[in-house]
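The chain contents come next:
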Amino acid sequence: MGSRFGSKIVSDIGSEEVVAVCVNGIGNVLRHFCAARLLAVHFQRPFRVVIGSDRLSTATSNALCELLSPFGSTVITSREAGEKLASTLVNELEIYDHVGIYGTNSHPLTEAYFKAVLPPGPLPYLSIYAAQPRSYGDADIVRYKTQTYAQLPWPDALQQEVGAIAHRLELSERVGVHIRLTDNLTDALKTAHHLNTPLEVFLEFLAYLALHEDARFFVCTDNPQVVPLLQEMEFDVVTPPLVPPPLSQELLEMHLLSQTRYLVGSYSSTFSYEAAFLAGGKRLWLWEKEAWQLYDFCPCS
């Protein structure tokens, strides 16, 4: 496992090293890891990961450290130290050309392109965006992300638990639903740009799927009032069980979502986005620009 560290990280960085400083929730950590690793590979530079977040459980931080270490030495620090490191050294705007809305996640696949030439010297940077070379098309980045997640050394205990739960809940026959209704709703930028998915929009779409596909649902949500409401509406709903450490609840739920037929996600939520790339890639429905949009992240499509 990586070690906890302080200010020494600055002097330890190699002269050409790309350092992914990963903060916030698990979706943002995995998203930045994928983009920064591709950046390092594309420009043939050494790579390292720093996990600095106050939004991850200890179990999740430790699991992510183990997962990402084979792709470059990985360490854990505080969010404050991680943010200071990134803002002091390299701004992501020197590395990425952004498309869409800057300041939050606005697209499940491509939010930025690598600049043609990188700044000289070490590149520790903080970002939450999905980025890629301009030479990549949609199929290329889908293939890269699904292959990257397939190569991660997911813990045996996690995989066994996911397999047992998926079998018991018949997830391969259910539609996975991720309803995010807490911090997204208080984010000023997401509110200003109408990036949140209202609960009533979810309810209407699930009712449509239940009627026209006889759909059954597996629901992950950060709002405890959602599931009782769905049950009152007589949807066939199951939810993830709670697991004790050292298993990561967040990783478990993301993997369970990936075991379903397809996903209905929350727009501007990287938990929804990254879940769709696990287990070989899935179709993902998102409420975008006042309509449900379908993204197909199956590499063979």
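Report on the accompanying structure. (Residues numbered from 1 in each chain as written. Predicted model: local features only at pLDDT ≥ 70, side-chain atom pairs only at ≥ 80, totals over all residues. Heavy atoms only, no water.)

1. Focus: the sheet that holds strand E5 (residues 112-114)
In step 1: As summarised here, the arrangement of the 3 strands in space is E4-E5-E7, forming an open sheet in which the pairing is mixed. The open sheet has two free edges, formed respectively by strand E4 (96-98) and strand E7 (131-132), since each of these has just one partner strand.
In step 2: Against the sheet, helix H2 (residues 26-42) touches E4, E5 and E7, its axis set at about 25° to E5. (Pairing = 2+ DSSP bridges. Helix = DSSP H or I, 4+ residues; strand = E, 2+ residues; numbered from the N terminus. Contact = heavy atoms within 4.5 Å. Axes fitted to C-alpha atoms, helices over the stretch in contact; angles between N-to-C directions.)

2. Regarding the sheet that holds strand E13 (residues 291-296)
In step 1: Taken together, the 6 strands give an open sheet; going across it, the order is E10-E9-E8-E11-E12-E13, and neighbouring strands pair in mixed fashion. The open sheet has two edge strands, strand E10 (237-238) and E13, and neither has a second partner.
In step 2: Sheet analysis places strand E8 (residues 175-179) next to strand E9 (residues 217-221), joined by 5 bridges and oriented parallel. Counted as the bridge partner of Gly176 is Phe218 from E9.
In step 3: Where helix H11 (residues 249-258) meets the sheet, its contacts fall on E8, E9 and strand E11 (263-264), and the angle it forms with E9 comes to roughly 150°.

3. Concerning helix H6 (residues 156-169)
In step 1: Counted at 1.5 Å a residue, the expected span for H6 with its 14 residues is 20 Å, and the 20 Å between its end C-alpha atoms agrees.
In step 2: Here H6 has its buried residues at Leu158, Val162, Ile165, Ala166 and Leu169. Projection of H6 onto a plane perpendicular to its axis shows the buried side chains occupying an angular sector of 100°, all on one side. H6 presents Asp156, Gln160, His167 and Arg168 as exposed residues on the side facing more than 90 degrees away from its buried surface. (Expected span 1.5 Å × (residues − 1). Buried < 20%, exposed > 50% of the residue type's maximum accessible area, 1.4 Å probe, protein only. Arc of directions from axis to C-beta.)

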